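The residues making up each chain are set out below.
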Amino acid sequence: MIGPLLRVVASTAAARSLRVAAREAATNSLLMLGAGVALAVSALCLSCAAFVVIDRNIDRASAWAIVGAFWGLVGLLYFVATSRRRD
């Protein structure tokens, strides 16, 4: 008599914890997606602002080279950081 009742309570508790875990996973995924979009937009705005400022002082080709070198360096540092983390 008590066994089936305990099974119902245990399955309800397990289902509740699974729903909570799924909700947290969905929330974390959306937060990461939002952070990625915000990072991309801020990088684009930073690049545009840097290009405009540099373009006023030197020629356009040099400004593109400086902005490209900056993002190349950022990409290289990201690659080094992630490869060390994997090892």
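Residues numbered from 1 in each chain as written. Predicted model: local features only at pLDDT ≥ 70, side-chain atom pairs only at ≥ 80, totals over all residues. Heavy atoms only, no water.

Attention shifts here to the layout of surface pockets. Estimated volume of the largest pocket: approximately 180 Å³. Around the largest pocket, the lining residues are L39, S42, A43, W71, V74 and Y78. Taken together, the residues of the lining of the largest pocket break down into 5 nonpolar, 1 polar and no charged. (1 Å grid on protein atoms, 1.4 Å probe; cavity = no way out; pocket = protein on both sides within 12 Å on 5 of 7 lines; lining within 4 Å. Points joined across faces, edges and corners; volume = space filled by probe spheres on them. Nonpolar A, V, L, I, M, F, W, Y, C, P; charged D, E, K, R; others polar.)

Looking now at the pattern of salt bridges. Summed over the entire model, instances satisfying the criterion amount to 1 salt bridge. Salt-bridge contacts for D55 lead to R60; the nearest nitrogen and oxygen are separated by 3.2 Å. (Salt bridge = Lys/Arg side-chain N within 4 Å of Asp/Glu carboxyl O.)

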